[in-house]
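# Architecture at a glance
Spelled out from the first residue to the last, the chains are:
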Amino acid sequence: MDIVVQILLNAVIAGAIYSLLALGFNLIYSTARFFDLGYGALTAVGGYSVFFLYKILGLPLIPSIIFGMIMAGILGWGVSELVYRPLRARKASNTVLLVAALGVLTVIQAGIAILFTSQFQTLSRYVAEQQTYTILGGVITQTQVLILAAGLIIMVLLGVVLKYTRVGKAVRAVADDEEVATIVGINAQRIMGGVFFVGSMIGGLAGISVGFDTGIQPTMGLALLLKGVIAAIIGGIGNVWGGVIGAFVLALVENLGAWQFSGEWKDAIAFLVLILFLLFRPKGILGK
Amino acid sequence: MEYLIHIAILVCIYGILGLSLNLVIGEAGLLNVTQAAFYGMGAYGAALLITNYDINFFLALLGGIIISAFGSLLIGLVLSRFRGDFYALGSFGFNVIVWSIMLNWQDVTHGPLGIPGIARPALFGFTFSENLTFLILAAVFLALVYGISTFITKSSFGRVLKALREDEEAISVFGYATSYYKLVTFVISASLAAIAGALFASYITFIDPSSFSLNESIFLLSIVILGGLGSSRGAVMGALFLIVLPEALRFVGFPPDVAAQMRQMVYGLILILLMLYRPQGLMGTFRM
Amino acid sequence: MEEGSNKGWIWGIVVLLVVVLGGWWVLGQKTPGASADTIKIGFIGALTGDAADYGEPQKNVLVLAAKDINDHGGIAGKQVEIIYEDAKCKGPDGANAASKLVNVDKVQVILGGSCSGETLAAVPVAEAGKVAIITGSATSPALINKSPYFFRDYPNDSSQGVVLADQAYTKEGWKKVAVIQEQTDYALGIFQAFEARYKQLGGTIVKEEFASNISDFRSVLAKLKADKPDAVLVSVQTAASAQRIFDQMQKLGWKPKLMLNDVTIGDPATLTKFKDFLEGDIGANFNLNDTPKFVALRDAYKAAYGKDMGYPTYSTAVYDSLYLIKEAIEAVGYDGTKIAAWGRSSVKNWEGASGSITIGPDGERQSGDSIFQVKNGTAVLVQ
C-alpha cells in the first residue's frame, strides 16, 4: 500500500502549489473579471528574484523570499496600472484583456530569459539530504511540508481578511459591482491595485515554492498558470475556497492518472478534466 | 537569394495559417488557440501518407485535410458549446491534448523521433525539389486559400458569421443555429490549416511535435491579431510582418540566445501595444 | 471603413518591407563556399537551450581547431572559416540551418549537429545539396546509412544500449529493470537498443516516458519504485534532466541501482553534485584514452576558456572531425560528394584526439561504448 500513500502525498504536495496559484488567480479574477494570463509570468518573477537574491547574492532565506514576493507584487501591480487599467477604463472586452495579458506574459518571460538564460535552475543551495518525514510508508520532505503550511496559512488569512475586515469587504464590494462600489465611496482603483499587488505576491510565492521543490525556468509561467486556472474552474471560478478544493482535486486526478495510465499523459489528463468540467459543470464544485 | 525564397515560402505557409485562423477569430469572433493542432494534424497526416505509403503529395494533402477536418469536427462539437473566456480555455486544452497524442502515440507518429525524409511534391514527373519551384507551389496554394477565404467572408454564410461575432445572443434569437455556424467555420478553418501543414512537412522534409505546441498556436494568434481581424489581406500581412521581423533582427547582431528572446519580447510588446492602441490590428475591421 | 487610413497602412508596410528585404538582400550576398583564399565549413549545433551544455563546448573546440589549422597554413593553403548555426536541438531548426548553409553560404561540408533530431532533419537537406555532413555528437541509430553524404566519427547508440543491457543482465544479474526515458529521439534510440538486447537475454522491463518540459516526476518514480525493479535505467537528453530525476528520487527516499547514459555519466558536474547518491552506479560512455592529442586539447581548452572542456567525449570527436575534413579536402578537393565518399572509405586507424578512428563503409565509427562506474564523484572505466 506504500505506493497509494505516496501517490496521495504527491497529490497533496502538488495540490498545495496549485492552491497558491488558484488563490492569487481567483482573487484577481473575482475583482477584475478577466483571465489574467500575465499572472503566470509573475510566478517566474518571484522564483527568479529569490534565485538572484538567495543563490547569486547569497542573502539569507526568509528575507529573500519576502523580497521575492514583493518584487512579484510590484511588477503585477505595475502591469495592472500600465496595461490593464487603461483597457478596463475604456471598457475593453475580455478578449482584448486576455490577449494583452498574453502579451504581458510573453514580455516578462522573455525578459527573465535574457537576464538569466533559459536554463533550468533550482533554488535550494544544498543537494545534501533534506529532512524527510515518513508517513504511513510515503515520503515527504520538509520543504514540501513548509509549502503546504504556507498555502493553508494564506488561504485562511485571505478568507478571514475578505470576510471580516473593512478592506476585505471593500474588495468584495468591488468584486460584486465596481460601479456601485465607487458610488458608495470606495476607491475602486486603489482596491484594484491592491488586489493585483496581493494576488501577484501570492503568485510569486507559488513560483518560489515550485523553485524549491522542482526548479524554475523562464517559461514555467504559462504551464503553472493554466494549472491554476484549471484548479480555479474546477472549484468554482472566483471562489477563494473553491480554488483550493479544485487545486487538490486536480492534483489528485493528475497523480492518480500518472499512476494508473502513464506519466506522459499527465498534462493531457489535466486538460481533459478542464474540458469535462467546462462541459458539464462550468460553475465548478463550489460555484453558485 | 535562396534565403529570401526560404523566407517567402514560410510567409506563404503562415499566410495560409493566418487566413484559416482569421475565419474563426476574425469573422466569427471566437478566440481560438487550437490552430496549431490542426496544422499539425495536416502535417502528420500528409507526412505519414507520403513516407509510409509513397502516396503522391497532392493526394496526401487531401488525406491530411480529411484527418484535420475530422479531428476538428470532434473537437469543434465540444468547443462550440463554450462561450467567451471558456472557449479560449477549452481551446488551450485541446491543443495540449492533441500535442500530447502526437508526442505519445509513438507507434504511429514516432513521437519525438519525428518523421524524417518526407519527399517533396511531385506532379507528372516534375519534382518540386528546387526551393524556387516550391515557392511557386506555395504561392499558388496561398492564392487559392485567399480566394476561398474571401469567397466565404463575402457570401451569405460570411454575413451570418459577422452577425454572430457582433452579438451571438441576438442572432440566435432570430433562429440561426449558432452552434452549427461555429462548427462549420471551425472545420473549414482546420482544413485550410491542414494545407499549410502538408506544405510545411514536405518543405522542411522533417516534422516533430515541437512545431505544433501551444506556443505555436499563440504565435498564429498574434499573426491574425496583428494583421487585423476580419481582414484577409491583414492575415497575410500579419504573417509577412511576424516572419520577416525576427529575420531582420538576426542581423542586428545580438548573441543567438538573446536574439531569440528579443524576438519573443517584440511579439509580446506588439500584442500589448496593439490591444492598447489599435485592437483591430493593422488592417482589421473587427474590434474584439 | 476609412479607405484613406487603410491605404496609409499598406504603404507603410510596403516601404518597411522594401527597406528590410532590400537591405537584407544586399547583406545576404555571400561569396560561394570557397573563394580565392578561404574555405567555408558549416557547423550546426545546439548553441542555446539545455542541450547547449554539449553544443557550446563543440563550438569552442572548433574555434581552437580552426585557429590551429589556420596558423599552420590552413587547408590546402587556404584559410578555413567556420560558419556556426544554432539549431537548438530541434528538427525544424536543423533543417533550416542546413538550408542556409547549403544554399546561402554554399558550403560543401557541414559539421554537426549536436543532437540527433537536428541531424535527422539536416541530412536530407545536405544530400539534396550534395553536401557532406559529419557529426561527432549525434548518436541516434536512425541515422545509420541514412544517406551516402552522412558519416560520423562517434559510435552510435546501438552500441550504448547493447553494452548496458549486457552489463545489466549478464554481469550484474539484474532480471528486471525499470526505465525512465525522456521523449527525445536520442533517449528513445538508446532505450530501443537496450530493450532489444535486454529482452533477447531474457530480462523484463517496466518503462515510463516523460516529455522534455516535465519537471515533476514524483508519481512516475513512485510507480516505478512500487514495481521493485533490480535497477533503473535513466535515459535522458541532458544531464539537467537527470539531475532533476536524481533530486526527486532522493526526496522520495529511493536509492535504486542506476544505469546512466553517456550524457549523464559524461558530465562531471552531475557526478560531483550527486556524489553520494550515484556512488557505485554504472553508465555507458565512449572511452577516451588519454591520448597525447586529447591531453593537449584539454589543456588548450582550459587555457583558452578558463573552464574544463564540457562533454570531452563529444567535444573531442567534433574536434577530430574538423581535422578529418581537412585531410579529406586535401585528398579529394572541396567537393561534398567526394568528401563523403572519402569519409566512408579512407578513414582507417586514423589517429585522432579521440583515439584510433576507423569508419566503415556504412559511415559509422567502428568502436563501441564501455562501461564506467561512479566512484567518489568520477567515472572510472570498468575493465
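The rules behind these values
- Counting restarts for each chain: residues are numbered from 1 in the order of the written sequence.
- Written order determines the labels here, with chains lettered from A and ligands numbered from 1.
- Note on the predicted model: pLDDT of at least 70 is required for a residue's local features to be given, and 80 or more for side-chain atom pairs to be given and counted; whole-chain, interface and lining totals, by contrast, use all residues.
- Side-chain descriptors were evaluated using all non-hydrogen atoms of the structure, hydrogens and water having been removed beforehand.
- Two strands pair under a simple rule: DSSP has to find at least two bridges between them.
- Secondary structure elements follow DSSP: runs of H or I of four or more residues count as helices, runs of E of two or more count as strands, with numbering from the N terminus.
- In this analysis an axis means a line fitted to C-alpha atoms, helices contributing only their contacting stretch, and an angle means the value between N-to-C directions, from 0 to 180 degrees.
- Residue ranges assigned to the domains are those given by an automatic or database domain assignment.
- The contact rule is simple, with two residues in contact once any of their heavy atoms fall within 4.5 Å.
- When two parts are brought into contact, each loses some accessible area as probed by a 1.4 Å sphere; the total of that loss over both is the buried area.
- For this analysis, a salt bridge means a side-chain nitrogen from Lys or Arg found within 4 Å of a carboxyl oxygen belonging to Asp or Glu.
- Residues adjacent in sequence count toward polar contacts only when both atoms are side-chain atoms; beyond that, a polar contact is any pair of N or O atoms within 3.5 Å, and within protein one must be able to donate a hydrogen and the other to accept it.
- Assignment of crossover handedness uses the view with strands pointing away from the viewer, where a clockwise path from the first strand over the helix to the second indicates a right-handed crossover.
- When residues are grouped by polarity, Ala, Val, Leu, Ile, Met, Phe, Trp, Tyr, Cys and Pro land in nonpolar, Asp, Glu, Lys and Arg in charged, and all others, Gly among them, in polar.
- A pair of aromatic rings is counted whenever rings of Phe, Tyr or Trp (Trp by its six-membered ring) have centres within 6.5 Å, and the orientation is called stacked for planes under 30 degrees apart, edge-to-face for over 60 and tilted otherwise.
- Type-normalised accessible area, obtained with a 1.4 Å probe on protein chains alone, sets the label of each residue: buried when under 20%, exposed when over 50%, and partly exposed for intermediate values.
- The criterion for a charge sitting over a ring is simple: Lys NZ or Arg CZ within 6 Å of the ring centre, and within 35 degrees of the ring normal.

## Side note on the sheet that holds strand β4 (residues 132–135) of chain C
Residue and element names in this part refer to chain C.
- On the basis of which strands lie adjacent, the open sheet formed by 5 strands has the order β2-β1-β3-β4-β5 and parallel pairing. Of all strands in the sheet, those with a lone pairing partner are β2 (79–86) and β5 (150–152), marking the two edges. Pairs of neighbouring strands in the sheet enclose a mean axial angle of 25°, with direction left out of account.
- Where β4 meets β5, 3 bridges bridge the pair, whose relative direction is parallel. Of the residues in β5, the one forming a bridge with Ile 134 is Phe 151.

## Section: the domain arrangement of chain C
Residue and element names in this part refer to chain C.
- As assigned here, chain C comprises domain 1 (38–156 + 290–368) and domain 2 (158–287 + 370–381).
- With centres defined by C-alpha atoms, the gap from domain 1 to domain 2 works out at 28 Å.
- Facing 21 residues of domain 1, the contacting portion of domain 2 comprises 18 residues.
- A buried area of about 1,500 Å², summed over both sides, lies between domain 1 and domain 2, and 52% of it is on carbon and sulfur atoms.
- For the pair domain 1 and domain 2, the number of links is 0 salt bridges.
- Taken together, the connections running from domain 1 to domain 2 amount to 7 residue pairs in polar contact (both at pLDDT 80 or more).
- Counting residues per element, the ones that place at least two in the side of domain 1 that touches domain 2 are α4 (116–128) and α13 (312–332).

## Focus: the pairing of strand β7 (residues 204–210) of chain C
All names here are of chain C.
- Note: strand β6 (residues 176–182) against β7, 7 bridges, orientation parallel. Within β7, the position partnered with Val 179 by the bridge is Lys 207.
- Regarding the hand of the β-α-β motif, the stretch spanning β6, helix α6 (residues 185–201) and β7 is right-handed.

## Remarks on the interface of chain A and chain B
- With 41 residues of chain A at the interface, the matching set in chain B holds 36 residues.
- Taking both partners together, chain A and chain B bury about 3,400 Å²; carbon and sulfur atoms supply 82% of that area.
- Inspection of the region where chain A meets chain B yields 0 salt bridges.
- Mapped by element, the contributors of at least two residues to the side of chain A that touches chain B are α3 (61–89), α4 (94–116), α9 (220–235) and α11 (266–280) of chain A.
- Among the elements that take part in the side of chain A that touches chain B, α4(A) stands out by supplying 15 residues, more than any other.
- Of the residues belonging to the side of chain A that touches chain B, the class tally is 30 nonpolar, 8 polar and 3 charged.

## Considerations on the packing of aromatic side chains
- Summed over all chains, the structure comprises 37 aromatic pairs over all chains.
- Ring centres of B:Phe219 and B:Tyr267 lie 5.2 Å apart, and the angle between their planes is 50°; this geometry places the pair in the tilted category. In this pair, B:Phe219 is assigned in helix α10 (residues 214–227) and B:Tyr267 in helix α12 (residues 256–277), connecting sequence segments 48 residues apart. The same class applies to B:Phe219 as to B:Tyr267, namely buried.
- By the ring-pair criterion, three or more aromatic residues cluster together here, those being B:Tyr14, B:Tyr39, B:Tyr44, B:Phe200, B:Phe212, B:Phe219 and B:Tyr267.
- Across the ring face of C:Trp350, the terminal group of C:Lys293 is positioned such that the distance to the ring centre comes to 5.5 Å.

## Here's the deal with the pattern of salt bridges
Residue and element names in this part refer to chain C.
- Tallying each qualifying case throughout the model produces 20 salt bridges over all chains.
- Between Glu 364 and Arg 152 there is a salt bridge, with the nearest N and O atoms lying 2.8 Å from each other. Of this pair, Glu 364 sits in the loop between β12 (355–357) and β13 (369–375) while Arg 152 sits in strand β5, and the two are 212 residues apart along the sequence. For the pair Glu 364 and Arg 152, one class covers both residues: buried.
- Taking the shortest distance from any N to any O, the salt bridge between Asp 281 and Lys 255 comes out at 3.1 Å. Here Asp 281, found in the loop between α11 (275–278) and β10 (282–286), pairs with Lys 255, found in the loop between α8 (239–251) and β9 (258–260); they are 26 residues apart in sequence, far enough to count as distant.

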